[in-house]
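# Overview (structure and organization)
Here's the letter readout for the chains.
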Amino acid sequence: MSTHQASDSGTVAGMGEFGLIRAVTENRRQPAPTLLGPGDDAAVVAAPDGRVVATTDVLVQGVHFRLDWSTPDQVGRKAVAENFADVAAMGAVPTAVLVGLACPPDTPAKVVRELSDGLWAEAQRDGAGVVGGDMVRADQLVVSITALGDLQGRAPVTRSGARPGDIVAVSGRLGWAAAGLATLGRGFRSPVAVVNAQRAPEPDYAAGPAAAIAGATAMIDVSDGLLADLGHIAEASGVGIDVLTEHLEVDQKLVDVGTALGADPLTWVLTGGEDHALVATFPSFADLPEGWRRIGSVTLADSGVTVDGEQYHGESGWEHWR
C-alpha cells in the first residue's frame, strides 16, 4: 500500500501527529533555497539578499473557505496564493512556506493530505518549498501560512511611495473571485472559470518583481477590493487616486453572471477581493511591464480614492469585524 493510500484511510486522530506529518512531507522535493527542510526543530532557508520578506495569513473554515464549495487541494492552493501575492507586492520572489494547521480529531486524513498537495503544488509553481510548520487539535479547520521572499538586491516596494503625477496600473484579473463567491452563494457551480477564481486564485507572482524593476513607486495586492486596497496606498502616501472605469476590463463572463444574478459586474471589479491581482503606481514616464495596464492616476489631493473624478458611494471592499 502506498503512503497516499494509507493516509487516505481513517482520521487524523487515527494516524497520530507524527504519522500525519510523515504522510504530508516525505518524498517531497525541495527547491534550491531550502537548505534544510522539514524534520528538525526549524528549517533553514537561503537568504542571499541578506534580507527576508515575511508575511502571514490565517484561513478559517466557514470564514475564508467552505469544503462544500472547494476541494481541500483548492484550499491549499488558495492559502499559499494569497501569501505569495503579498510577497510579490513587495517586489520580492517567494522562496518558502511555513504551515500551521489546526483541525478536529475526526478530520479525514484524506482532507489533510489533499490540502497538503495543494500547498505544495502552489508553492512549487513559483519555485518555492514548504519547509515546515505545526499541527494541532482545534474545533474547526484552520490553515495559517507564513511565506518568505527574496528581494534579490532591490529595495522593497511599499505602499507609501506614490507621488502626484504617477500612473496607476494593474496586473491580473479583477472581480472574478467576487463573481465566483456570488455564484456559489446562490447555489450554482458554474461558470467554472468564475467559480474557480474564488476557490483557487492564480496570481502572476512574477509581475511584482517586474514592476519593481520597472520603477514602481508603490504596490499592493488586491485582497480586499481594488478601491479599498488603493485606499491603503493613498493613505500611506498622502495622495489621492482616481480610477478611470473606461480602462477597467469587465470580462463578458462577468457580464453574463451579473445578468443572471441581477448584479452590476463593475461593482465586483471595483470592490471585489480575493483575486490577488497586483496594483501599483509608476512614474508617468515608466514603460509598464508586460501584463500591466493603466487604470488611473495619482492626484495632488489627499482625498482618498475617487472613481471617474467622483466619490464612490458604497462599500469599497472587505473588512473583518465590520
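Report on the accompanying structure. (Residues numbered from 1 in each chain as written. Predicted model: local features only at pLDDT ≥ 70, side-chain atom pairs only at ≥ 80, totals over all residues. Heavy atoms only, no water.)

Bringing the pairing of strand β12 (residues 304-307) into the picture now. Pairing geometry for strand β9 (residues 240-243) and β12, over four bridges, is parallel. Opposite G240, over in β12, you have G304 as the bridge partner. Relative to strand β13 (residues 310-311), β12 runs antiparallel, the two sharing two bridges. For T306, the partnering residue across the bridge sits in β13 and is Q311. (Pairing = 2+ DSSP bridges. Helix = DSSP H or I, 4+ residues; strand = E, 2+ residues; numbered from the N terminus.)

Further remarks concern the side chain of H276. For H276, the location among the structural elements is in the loop between α11 (265-271) and β10 (277-282). Residue classification places H276 among the buried positions, given a relative accessible area of 4%. At a separation of 2.6 Å, a polar atom in the side chain of H276 contacts the side chain of D221. Contact partners of H276, with chain neighbours within four places excluded, come to E82, A85, P201, P203, D221, V222 and S223. (Buried < 20%, exposed > 50% of the residue type's maximum accessible area, 1.4 Å probe, protein only. Polar contact = N/O pair within 3.5 Å; in protein donor to acceptor, adjacent residues only side chain to side chain. Contact = heavy atoms within 4.5 Å.)

Now for the sheet that holds strand β5 (residues 129-137). Strand order in the open sheet made by the four strands is β3-β6-β4-β5, with mixed pairing throughout. The sheet terminates laterally at β3 (53-60) and β5, the two strands that pair on one side only. Across the sheet, the mean angle separating the axes of adjacent strands is 15° when strand polarity is ignored. Relative to strand β6 (residues 142-150), β3 is paired through eight bridges, and the arrangement is antiparallel. Bridging across to β6, V60 finds its partner in V142. (Axes fitted to C-alpha atoms, helices over the stretch in contact; angles between N-to-C directions.)

Within the structure shown, the criterion is met by two aromatic pairs. Between F282 and W292 the ring centres are 5.5 Å apart and the planes differ by 75°, which places this aromatic pair in the edge-to-face class. Pair noted here: F282 is in strand β10 and W292 is in strand β11 (residues 292-299), with a separation of 10 residues, a long-range link. Judged by relative accessible area, which is 7%, W292 ranks as buried. Taking NZ or CZ as reference, R173 lies 4.0 Å from the ring centre of W176, over its face. (Phe/Tyr/Trp six-rings, centres within 6.5 Å; stacked < 30°, edge-to-face > 60°. Lys NZ or Arg CZ within 6 Å of the ring centre and 35° of its normal.)

Let us now look at the environment of L288. As for its position among the elements, L288 is in the loop between β10 and β11. For L288, a relative accessible area of 27% puts it in the partly exposed group. Separated by 74 residues in sequence, L288 and A214 have C-alpha atoms that sit 6.8 Å apart. The contacts of L288, once residues within four sequence positions are left out, are I167, A169, F282, R293 and R294.

Orientation of helix α6 (residues 176-185) relative to helix α10 (residues 252-261), taken along the N-to-C sense of each, is 30°, at an axis distance of 10 Å. Taken together, the axes of α6 and α10 lie roughly parallel to each other. In the crossing of α6 with α10, the sense of the turn from one axis to the other is left-handed. On the side of α6, the interface is formed by W176, A179, A182 and T183, while α10 contributes K253, L254, V257 and L261. The class makeup of the residues in the contact of α6 with α10 is six nonpolar, one polar and one charged. (Parallel < 35°, antiparallel > 145°, perpendicular 65-115°, else oblique. Left-handed = near helix turned anticlockwise from the far one by under 90°. Nonpolar A, V, L, I, M, F, W, Y, C, P; charged D, E, K, R; others polar.)

Once that is clear, we can look at the sheet that holds β13. In space, the seven strands of this open sheet follow the order β8-β10-β7-β11-β9-β12-β13, with mixed pairing throughout. Two strands in the sheet have a free side with no partner beyond their single neighbour: β8 (218-222) and β13. By the bridge criterion, four bridges tie β9 to β11 in an arrangement that is antiparallel. Looking at β11, one finds that I241 is bridged to V298. On the sheet, helix α4 (residues 72-89) packs against β8 and β10 and is oriented at approximately 170° with respect to β8. Sheet contacts for helix α9 (residues 226-237): β7 (167-171), β8, β9, β10, β11 and β12; angle to β8, the most-contacted strand, approximately 155°.

Moving on, we come to the nonpolar core. Counting 46 residues, the largest nonpolar core has F84, V97, L119, M219, F282 and W292 as the members making the most contacts within it. In terms of nonpolar packing, the next biggest core, distinct from the first, is built from 33 residues, V170, A178, V239 and V298 among them. (Core = buried A, V, L, I, M, F, W, Y, C linked by side-chain atoms within 4.5 Å.)

As a further point, take the pattern of salt bridges. The full count for this structure, using the stated rule, is 10 salt bridges. Its salt-bridge partner being R77, residue E122 comes within 3.7 Å of it at the nearest N-O pair. Remark: R77 occurs in helix α4 and E122 occurs in helix α5 (residues 109-125); sequence separation between them is 45 residues. Since its relative accessible area comes to 2%, E122 is described here as buried. For R77, a relative accessible area of 27% puts it in the partly exposed group. Taking the shortest distance from any N to any O, the salt bridge between E114 and K110 comes out at 3.9 Å. You can see E114 and its partner K110 sitting in helix α5, four residues apart, about one turn around the helix. For E114, a relative accessible area of 21% translates into the label partly exposed. Here the salt bridges do not stand alone but share partners, grouping D73, R77, E122 and R125 into one network. (Salt bridge = Lys/Arg side-chain N within 4 Å of Asp/Glu carboxyl O.)

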